[in-house]
Amino acid sequence: MRIDTFDPATLSDAFGIDMSTIDLPGVAGLGAGWGRVPPGGRSEPHQHDEIEMFVIVSGTGEIVVDGARHPVGPGTVVKFDPFETHVIDNTGDGDVVFVTCYWREPRHAGEVAARPGRRRFGQRPVFVFSTPPTPNGDLHLGHLSGPYLGADAFVRFQRMNGVRAWHLTGSDDHQSYVVAKAAQEGSTPEQVAAHYGAEIARTLESMDIRPDQFTVTRTDAGYRQGLRDFFAALETSGQVARRELPALFDGKTGRYLYEVDVSGTCPSCEAGTNGNICEECGEPNTVADLVEARSRHSDTVRAEGLARHALALHEFREDVARHHQLGRVPARLRELAQRVFARETFDLPLTHPAQWGVAPRDADDQVIWVWPEMSYGFLHGIGQLGARIGEQWQAHKPEQDWKIVHFFGYDNSFYHAILYPVLYQLAFPHWQPDIDYHVNEFYLLDDQKFSTSRRHAVWGKDLLCPETVDAVRFYLSRTRPEGERTNFERDAYTATVREVLIEGWQGWLDDLDRRLKARYGGVVPDAGTWTPEHTAFYARLGRRLAAVTAHLGQDGFSLRAATAELEGIVTDAREFAGREAGLADAAGWQSENRTAMALEVAAARLLSRVATPVMPRFAGRLAALLGEREPTWPTTVDLVPAGTEVDLGGQVFFAAEPTSAEAAPDPLPWLADLVRTTLGLPAEAVVADKTLLELGASSLQAVAVQYQILERLDLDIPMAELLSERNIGALGRDLAQEVAR
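Note that this is a predicted model, so its numbers are computed, not measured.

A. Main features of the overall build of the protein chain. Scanning the protein chain from terminus to terminus reveals 20 helices and 25 strands. A compact globule built from 741 residues should have a C-alpha radius of gyration of about 27 Å, and the protein chain, at 29 Å, falls within 12% of that. Viewed in the frame of its principal axes, the protein chain has a C-alpha envelope of about 95 × 85 × 50 Å. The 741 residues of the protein chain split such that 57% are buried. Entry remark: accessible area of the protein chain is about 30600 Å², with carbon and sulfur atoms responsible for 50%.

B. Structural context of the confidence of the model for the protein chain. On average, residues of the protein chain score 92 in pLDDT, and 97% of them are at 70 or above. Across residues 661–667, confidence stays below pLDDT 50; counting only partners more than four residues off in sequence or on other chains, it has five contacts.

C. Highlighting the sheet that holds strand β22 (residues 434–440). Read from one edge to the other, the open sheet built from five strands follows the order β12-β11-β10-β21-β22, with strand pairing classed as parallel. Of all strands in the sheet, those with a lone pairing partner are β12 (213–216) and β22, marking the two edges. The mean inter-strand angle of the sheet, taken between neighbouring strand axes irrespective of direction, is 20 degrees. Bridge count for strand β21 (residues 403–409) against β22 is seven bridges, and the pairing is parallel. Across the sheet, the residue bridging to F407 is H438, located in β22.

D. How the structure looks around the packing of aromatic side chains. In this structure the tally under the stated criterion is 40 aromatic pairs. A ring pair is formed by F127 and W393, whose centres lie 4.8 Å apart and whose planes are at 85 degrees; its orientation type is edge-to-face. One end of the pair, F127, is in strand β10 (residues 126–130); the other, W393, is in the loop between α8 (370–389) and β21, with 266 residues separating them in the sequence. W393 carries the same exposure label as F127, and that label is buried. Aromatic side chains W369 and Y415 sit 5.7 Å apart centroid to centroid with 85 degrees between the ring planes, which places their arrangement in the edge-to-face category. Linking W369 in the loop between β20 (367–368) and α8 with Y415 in helix α9 (residues 413–427), this pair joins segments that are 46 residues apart in sequence.

E. Local environment of the pairing of strand β17 (residues 301–312). Note: strand β13 (residues 240–250) against β17, 11 bridges, orientation antiparallel. Bridge pairing in β17 places E244 opposite A307. Taken together, the three bridges between β17 and strand β18 (residues 347–349) define a ladder with antiparallel strand orientation. Of the residues in β18, the one forming a bridge with A310 is P349.

F. Up close: the environment of R242. Mapping R242 onto the fold places it in strand β13. Note on R242: relative accessible area 36%, which makes it partly exposed. For the pair R242 and D18, spaced 224 residues apart in the sequence, the C-alpha separation amounts to 39 Å. Not counting residues within four places of it along the chain, the set of residues in contact with R242 comprises A307, R308, H309, A363, D365 and Q366. In terms of polar contacts, R242 uses its side chain to reach the side chain of D365, at 3.5 Å.

G. Examining the nonpolar core more closely. Core analysis: the biggest nonpolar cluster contains 90 residues, and F488, W505, L607 and F618 have the highest contact counts within it. It is helix α2 (residues 141–160) that provides the largest number of residues to this core, a total of 10 residues. Once residues lying within four places of it in the same chain are set aside, the contact partners of L607 are W505, W508, L566, I569, V570, F618 and L622. Counting 69 residues, the second largest nonpolar core, distinct from the first, contains Y376, L385, F414 and A417.

H. Structural view of the pairing of strand β14 (residues 262–265). Pairing analysis gives three bridges linking β14 to strand β16 (residues 291–295), with the strands arranged antiparallel. Within β16, the residue paired with V262 across the bridge is S295. Where β14 lies against strand β15 (residues 272–274), three bridges are found, and the strand directions are antiparallel. The residue of β15 that forms the bridge with S263 is N274. Taken together, β14 and the strand that follows it, β15, pair antiparallel across an intervening segment of six residues, in which E270 is found at a positive phi of about 70 degrees.

I. Summary view of unusual backbone geometry. The backbone phi angle of D66 is positive, close to 50 degrees, even though this residue is not glycine. Its identity as a non-glycine residue notwithstanding, D446 has a phi of 50 degrees, on the positive side. Assignment of secondary structure puts D446 in the loop between β23 (443–445) and β24 (448–449).

What counts, and where the lines are drawn
Residues numbered from 1 in each chain as written. Predicted model: local features only at pLDDT ≥ 70, side-chain atom pairs only at ≥ 80, totals over all residues. Heavy atoms only, no water. Helix = DSSP H or I, 4+ residues; strand = E, 2+ residues; numbered from the N terminus. Rg over C-alpha atoms; globule rule 2.2 N^0.38 Å. Buried < 20%, exposed > 50% of the residue type's maximum accessible area, 1.4 Å probe, protein only. Areas by Shrake-Rupley, 256 points an atom, 1.4 Å probe, with all protein chains shown as cover. pLDDT = per-residue confidence, 0-100. Contact = heavy atoms within 4.5 Å. Pairing = 2+ DSSP bridges. Axes fitted to C-alpha atoms, helices over the stretch in contact; angles between N-to-C directions. Phe/Tyr/Trp six-rings, centres within 6.5 Å; stacked < 30°, edge-to-face > 60°. Polar contact = N/O pair within 3.5 Å; in protein donor to acceptor, adjacent residues only side chain to side chain. Core = buried A, V, L, I, M, F, W, Y, C linked by side-chain atoms within 4.5 Å.

What follows is the structure, given as structure tokens:
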């Protein structure tokens, strides 16, 4: 027998609390220890492959597991599965003392790691954000390949698995780049933001990306006041205050320089950069620390001190590290944080002298910098979404159970993964946001960066139409810049669509249809006798399903890897069909031939299901042709029920280049057609007697309709009117009258 008693003298720091080891000689594979958490203390978030069990001996507190809080006290026993992120939080007046035991079960750990709903994804609301685009230009393929396609596919997959997930984005109207674009076009920032914001909305629609919340920061009700309140909370924390810091000004005009107005050499990596962030290394600069800074307005620059609201970011090194232990934070982002916090000091201005933007309560001479602004914008979007769907979510009261997922380009990493967690901690001290980060690198065009200003781009509208949208989504997924920069080439895109999708996928489905009709009258046969080759093919499809499930899941999300598995399903099916073809008409093998045909149709069914997040139109059409409606994510490879009539022949699923059609000049039929197209409704859908809200229009879709009316009829219809109780027919008649005046 061995007795071990709690001894405070043996404790030492581990996981942010006091721990000691219990020696268990002769007990293989089992570890144990004592733990103590002082009042107000909490352990660092962590996860591991062992199963672990806590026995609370004294004190009261809470166990936090993947964002869920559970009260604990003396006598409470808690068991953690492998990879559950857990924290013990002392909420009482005395020490929490506990015993921990832990051991490994590799098979169980493997099963847990493979669960699609791991990390409580099926039990709480999941808000998936793609970085709001700057409305100084339309979206090109570089934009679309990254956050927007990624977030859309992610949400589609999660919903197929029963998760309450929503895609949120918007129009980042207060960017300084909007001001620069207005000056270039001889326009105003308001006009530029409205024009390009609507263009962006149309392009997202054309890509079959329909966010559930599209926040227009310039006009959304309550946004400006909510932002001011959020910034006031930052000031109340005492960590954000006005103080004088070095700044740069144009030597001739005296204009304050930041972002697009100034360029130079990055003080960290020595690459060329604009003000405030380096696209190459991802590190921020304060503008005043640029090497050989150059103004966009003249050939001289001067430096002097300027009072702005600022944050001593270097004081939050440990806080950011703890945050990075909670959710999915790629090594690339953790390494960036290491570089940023290697600086001895880093005072970051959060306001800038400007007229375009939202001023803090106490500083009309400056505006809140748009990047800190965005941290509030995400919460505002959740609140707006909640109000529309009947949830009580509020921007100023973030909830611990929220799961937030961010999709963004690497050049935005500092803001999302380092700055925003600090701002949330200051504004909401009792909220520990649980955030996953998915980052993409630059997508190149002919081996150079896409550039709006240099017109080096392929715009979304250049390629997108109903016939090409799946081909574009497939190719961008296949070449998505995940972990490295990748390249778009128009000829390679066209060749891939022709060879892989049209000749490969569509060719296989045509051939499968021909053989099914010739041998079984177009009716799926019942499987008969199985050969070892049949069993091997069935198992291979199962492995493809497991792989694509993992690649679309929250832990290992990769559209490139998922798309490779989709291609693999078709490749496997074609090779299987080729091997079985020799016996297709041989006497005595009818039972085995039925099995081969049933398995090949099952492969088509599997493709129709697992292609949905990447290629929703193709997947939906194929599923319908196989007799399915709104399929959920499969857990097994299922045979199509025997007796199902299938007609896959003559279908045109893919095209590489867009077609165009002129809109009807009469406002009413034009408007009805616009509404059907924007909302993704069938061509025969009757819309005249329904309102946009009754038809299920999202805020993004309403923006797209609003802009099309403005473009075609030169009528600026307020959003409140579009979303009123006036049906589409009445709206069309009113538009016709306005045009006639």
